[in-house]
Amino acid sequence: MVQEPPSMHVFLVHGMGRTPRSLALLSTRLGRGGLSTSRFGYDVRTHALDEITTRFVAHVGERASGEAYGIVGHSLGNVIARLASPRLPPGLRRIVMLAPPNRPPRLATLLRDRPMFRALARDAGQRLAYPAFYASLPVPTVPTLVFAGTGGPRTRWLPLGHVDSDGVVAVDETALEGAEHRTVPVLHTFIMNDARVAAEALAFLRRG
């Protein structure tokens, strides 16, 4: 008789300007694979990054129940997970990062002083543009899998030029010391909906 691996709860954290609905398909796919999920929502226009992080820590604390759990973040959701990591309750086993800005993104650096970006991204957008912020950002101490998209357009007149990217975050901006790293030919906005990403994320989480 083959024994099924134990189930794990997975906390899903969306990216900037998105909502928990953006992770609905991924949540369904992970659920079909035997994992329970919950989606954490936030809005950078109404809460500073530290406030959002505190809310996420509380969200996990209310639902983790002393059992093993994992985190899947998209874009800014990974920054929130990293900020939260030292304060999370025991039980964190795995982290999956989808299109994470693990170093200052070129786009945030380019846009940080523009009024529209400042109005929409607020505190979170400003902090993403500075190396000092990343120097203080905790590095996960659990096995971590990074997915970087390569489906972005490449041309010299776009902000990312000919650099491999998902159209928002460059591949070299996703690198994280100690993490597994995989590239997929998708765009930033849709990386969480890619079936291959979901399947590999599921396999990685189930190993935890």
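Throughout, residues of each chain are indexed from 1 in the direction in which the sequence is written. Per-residue local features of the predicted model are confined to residues with pLDDT of at least 70, and side-chain atom pairs are confined, for both listing and counting, to 80 or more; whole-chain, interface and lining totals are unaffected and use all residues. Side-chain measures were taken over the full set of non-hydrogen atoms in the model, leaving aside hydrogen atoms and water.

1. Observations regarding the overall build of the protein
Going by this rule: A helix here means a DSSP run of H or I that spans at least four residues, while a strand means a run of E at least two residues long, and both kinds are numbered starting from the N terminus. Here the globule rule is a power law, 2.2 Å times the number of residues to the power 0.38, and the radius of gyration is based on C-alpha atoms. Relative accessibility decides the category of a residue: with a 1.4 Å probe and only protein chains considered, values under 20% of the type maximum give buried, values over 50% give exposed, and everything between is partly exposed. Contact definition: two residues touch when any of their heavy atoms are within 4.5 Å. Note on areas: these come from Shrake-Rupley sampling with a 1.4 Å probe, and a residue is covered only by the protein chains present in the view. When charges are counted, Lys and Arg are positive and Asp and Glu negative, with His and the chain ends excluded. A single reference atom marks each charge: NZ on Lys, CZ on Arg, CG on Asp, CD on Glu.
The helix and strand inventory of the protein stands at 7 helices and 6 strands. For the protein, the sequential pattern of α-helices and β-strands runs β-α-β-α-β-α-β-α-α-α-β-β-α. Expected size for 208 residues packed as a compact globule is a radius of gyration near 17 Å; at 16 Å, the protein falls within 12% of this value. A burial count over the protein gives 49% of its 208 residues as buried. Within the protein, contacts between residues separated by at least 24 positions form 72% of all contacts whose residues are at least 6 apart in sequence. Of the roughly 9900 Å² of accessible surface on the protein, a fraction of 55% belongs to carbon and sulfur atoms. Distance between charge centroids for the protein: 3 Å, based on 25 positive and 16 negative side chains.

2. Details of unusual backbone geometry
Its identity is not glycine, yet Ser-65 carries a phi of approximately 55 degrees, on the positive side. Of note in this structure, Ala-99 is not a glycine but carries a positive phi near 50 degrees.

3. Considering the pattern of salt bridges
Where charged atoms from two side chains of opposite charge approach closely, those side chains can pair. Put simply, the rule is: Salt bridge, as used here: a side-chain nitrogen of Lys or Arg that lies within 4 Å of a carboxyl oxygen of Asp or Glu.
Under the counting rule described, the total for this entry stands at 9 salt bridges. Here Asp-172 makes a salt bridge to Arg-106, at a shortest N to O gap of 2.9 Å. In this pair, Asp-172 sits in the loop between strand 5 (144-149) and strand 6 (180-184) while Arg-106 sits in helix 4 (residues 106-111), placing the two residues 66 residues apart along the sequence. Where Glu-180 meets Arg-182, a salt bridge forms, and the shortest distance between an N and an O atom there is 3.0 Å. Judged by its relative accessible area of 33%, Glu-180 falls in the partly exposed class.

4. Thoughts on the confidence of the model for the protein
The condition that has to hold: Note: pLDDT gives the predictor's confidence per residue, expressed from 0 to 100.
For the protein, per-residue confidence averages 90 on the pLDDT scale, and residues scoring 70 or more make up 93% of the total. Between residues 1-5, whose pLDDT stays under 50, and residues either more than four places distant or in other chains, the model counts 2 contacts.

5. Digging into the sheet that holds strand 2 (residues 36-40)
Using the following cut-off: We treat two strands as partners when DSSP finds at least two bridges between them. Angular values range over 0 to 180 degrees, each being the angle between N-to-C directions of two axes fitted as lines to C-alpha atoms, with helices fitted over their stretch in contact.
With respect to topology, 6 strands assemble into an open sheet ordered 2-1-3-4-5-6, the strand pairing being parallel. Bordering the open sheet on either side are strand 2 and strand 6, each of which pairs with just one other strand. If you compare each strand with its neighbour and ignore which way they point, the axes differ by 20 degrees on average. As judged from the 5 bridges shared by strand 5 and strand 6, these two strands associate in the parallel manner. Within strand 6, the position partnered with Gly-149 by the bridge is Val-184. Its contacts with the sheet put helix 2 (residues 49-64) on strand 1 (9-13), strand 2 and strand 3 (69-74), and the angle it makes with strand 2 is roughly 155 degrees.

6. Some words on the environment of His-188
We apply this condition: Side-chain atoms alone can form a polar contact between residues adjacent in sequence; in general such a contact is a pair of N or O atoms within 3.5 Å, and within protein one must be able to donate a hydrogen while the other accepts it.
On the secondary structure map, His-188 appears in the loop between strand 6 and helix 7 (195-206). Separated by 18 residues in sequence, His-188 and Ala-170 place their C-alpha atoms 9.8 Å apart. Setting aside its immediate chain neighbours within four residues, His-188 contacts His-74, Ser-75, Ala-99, Asp-166, Val-168 and Val-169. Within the structure, the side chain of His-188 is placed 2.8 Å from the side chain of Asp-166, a separation counted as a polar contact.

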